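As a plain string of letters, each chain reads:
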Amino acid sequence: MSDPRVAAVPVTENGEPLVDVRADGALRCDDSRTDPVGAFACLRSGVVDRLLHAQVLLPDGLRLLIVEGFRPPALQNRYYEEYAAELRTAHPDWTGAELRAQASRYVSPPEIAPHSAGAAVDLTLVDAEGIELDMGTPVNAGPEESAGACYTLADGLSRRARLHRNTLSDALTAAGLVNYGTEWWHWSFGDRYWALMTGRPTALYGPAHLRGVDRAG
């Protein structure tokens, strides 16, 4: 995400609203990221439509489990600064540019973050009983703690985990979303990264705001 080509993509905001994916119960939501106003369960309506389509494409008995959608810009900034501080402590010899590049592998810079546009979703697969499938790592396992297994195409995964990742990828790709390769669980549509990866001239969504959510401090 630190690639300057991502930040250089212009945004032509299409004005789609943020909607709560829990509204009709068609998509399951993990409540581990619950916040007072339910921001974590909100996404642009166009993203939700594509997730619903992807879910129909899954094998019988499997469903998507939404872990986190919209992330208010102030929260994104906090996540980025906290992770950058960890890396700064571990690697005091890194330049500012090196620190930004390495931090951006796992947490997007706030000004271009797909989550803050309501365009990105962290998700996984569950079975008919709601039990998460083996994907090789938990959602949000960082590159350090997972020894790189969080990368979508990481080597050394079990056959089952690779199959599950491929199943997820096939459905979401067919529905028009793109994956961020350092995080198997992170998929997006309409943001700057999506535009760059798909050859679109502009992104559809810029930073979004949900009343009562985007508060600093």
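See the structure above.
Below is a short write-up of the structure.

Focus on the overall build of the protein chain
Moving on, step 1. Each helix and strand counted, the protein chain has six helices and seven strands in total.
Moving on, step 2. In the protein chain, the order of α-helices and β-strands from amino to carboxyl end is α-β-β-β-α-β-α-α-β-α-β-β-α.
Moving on, step 3. Expected size for 217 residues packed as a compact globule is a radius of gyration near 17 Å; at 17 Å, the protein chain falls within 12% of this value.
Moving on, step 4. Its C-alpha atoms put the protein chain at 50 × 40 × 35 Å along the principal axes.
Moving on, step 5. Within the protein chain, the proportion of its 217 residues that are buried is 48%.
Moving on, step 6. Summarising the internal contacts of the protein chain: among those between residues at least 6 apart in sequence, 71% fall at separations of at least 24.
Moving on, step 7. For the protein chain, the exposed area adds up to about 10,300 Å²; of that, 52% sits on carbon and sulfur atoms.
Moving on, step 8. Within the protein chain, the 29 negative side-chain charges are centred at a point lying 2 Å from the centre of the 20 positive side-chain charges.

Quick word on the packing of aromatic side chains
Moving on, step 1. Tallying each qualifying case throughout the model produces four aromatic pairs.
Moving on, step 2. Measuring from centroid to centroid gives 5.3 Å for Tyr180 and Tyr193, while their planes differ by 90°, and the two rings are edge-to-face. Taken together, the positions of Tyr180 in the loop between β6 (178-179) and β7 (186-188) and Tyr193 in helix α6 (residues 192-198) put the pair 13 residues apart, joining distant regions of the chain. Side by side, Tyr180 and Tyr193 carry an identical accessibility label, which is buried.
Moving on, step 3. An aromatic cluster is built from Phe189, Trp194 and Tyr205, whose rings are joined through pairwise contacts.
Moving on, step 4. If you follow Arg50 out to its NZ or CZ, it ends over the ring of Phe189, 3.8 Å from the centre.

Describing the state of the cysteines
Moving on, step 1. The full count for this structure, using the stated rule, is zero disulfides.
Moving on, step 2. Not part of a disulfide, Cys29 finds its nearest cysteine sulfur in Cys42, a span of 9.0 Å.
Moving on, step 3. For Cys29, a relative accessible area of 23% puts it in the partly exposed group.

So, the environment of Leu153
Moving on, step 1. Considering the arrangement of structural elements, one finds Leu153 in the loop between β5 (120-126) and α5 (159-174).
Moving on, step 2. Between the C-alpha atom of Leu153 and that of Glu183, which follows or precedes it by 30 residues, the distance is 9.4 Å.

Describing the pattern of salt bridges
Moving on, step 1. Scanning all chains against the criterion turns up seven salt bridges.
Moving on, step 2. A salt bridge links Arg44 to Glu13; its shortest N-O distance comes to 2.7 Å. Placement of the pair is Arg44 in strand β3 (residues 42-44) and Glu13 in the loop between α1 (4-7) and β1 (18-20), with a sequence separation of 31 residues.
Moving on, step 3. Classification of Glu13 by relative accessible area gives partly exposed; the value is 39%.
Moving on, step 4. A salt bridge links Glu82 to Arg78; the nearest nitrogen and oxygen atoms lie 3.4 Å apart. With Glu82 and Arg78 both in helix α3 (residues 73-90) and four residues apart, this pair spans about one turn of that helix.
Moving on, step 5. The class of Glu82 is partly exposed, set by a relative accessible area of 42%.
Moving on, step 6. What you see here is one network of salt bridges that share partners, running through Arg33, Glu68, Arg71 and Asp122.

Digging into the side chain of Thr182
Moving on, step 1. Examined against the element boundaries, Thr182 turns out to sit in the loop between β6 and β7.
Moving on, step 2. Those residues in contact with Thr182 that lie beyond four places of it in its chain are Arg105, Cys150 and Tyr151.

Here we look at the sheet that holds β6
Moving on, step 1. What the five strands build is an open sheet, ordered β2-β4-β5-β7-β6; its pairing is mixed. Each of the sheet's edge strands pairs with one partner strand only, and the pair in question is β2 (28-29) and β6.

Some thoughts on the packing of α3 against helix α4 (residues 96-103)
Helix packing geometry: the angle between the two helix axes and the distance between the axes.
Moving on, step 1. At a minimum axis separation of 10 Å, α3 and α4 run at an interaxial angle of 120°. Here α4 runs oblique to α3, going by the angle between their axes. Considering the relative orientation of α3 and α4, their crossing is right-handed. Contacts between α3 and α4 involve Tyr80, Tyr83, Ala84, Leu87 and Arg88 on the former and, on the latter, Leu99, Arg100, Gln102 and Ala103.

Conventions adopted
Within each chain, residue numbers correspond to sequence positions counted from 1 in written order. Given that this is a predicted model, residues contribute local features only at a pLDDT of at least 70 and side-chain atom pairs are listed and counted only at 80 or more, while totals for whole chains, interfaces and linings are drawn from all residues. Side-chain figures throughout are based on the complete set of non-hydrogen atoms in the structure, without hydrogens or water. For the purposes of this entry, the term helix denotes a DSSP run of H or I that reaches at least four residues, the term strand denotes a run of E that reaches at least two, and both are numbered from the N terminus. We take the radius of gyration over the C-alpha atoms and set the globule estimate at 2.2 Å times the residue count to the 0.38 power. Three labels apply to residues, based on accessible area from a 1.4 Å probe with only protein chains included: buried if under 20% of the type maximum, exposed if over 50%, partly exposed otherwise in between. Contact criterion: two residues are considered in contact whenever any of their non-hydrogen atoms come within 4.5 Å of each other. Surface accessibility in these figures is a Shrake-Rupley result with a 1.4 Å probe; residues are shielded only by whichever protein chains are displayed. Asp and Glu count as negative and Lys and Arg as positive, but His and the ends of the chain are not part of the count. By convention, the charge on Lys lies at NZ, on Arg at CZ, on Asp at CG and on Glu at CD. Pairing of aromatic side chains requires ring centres within 6.5 Å, counting the rings of Phe and Tyr and the six-membered ring of Trp. Pairs whose planes differ by under 30 degrees are stacked, by over 60 edge-to-face, and all others tilted. We count a charge as sitting over a ring when the NZ of a lysine or the CZ of an arginine lies within 6 Å of the ring centre and within 35 degrees of the ring normal. Cysteine sulfur atoms are paired as a disulfide whenever they fall within 2.5 Å. By definition, a salt bridge exists where a carboxyl oxygen of Asp or Glu is found within 4 Å of a side-chain nitrogen of Lys or Arg. A pair of strands is labelled paired if DSSP reports no fewer than 2 bridges between them. Angles here are taken between N-to-C directions and fall from 0 to 180 degrees, while the axes themselves are lines fitted to C-alpha atoms, restricted in helices to the stretch in contact. Reported orientations rely on four angle classes, namely roughly parallel under 35 degrees, roughly antiparallel over 145, roughly perpendicular from 65 to 115, and oblique for the rest. Note on convention: the crossing is left-handed when the near helix lies turned anticlockwise from the far helix by less than a right angle, right-handed when the turn is clockwise.

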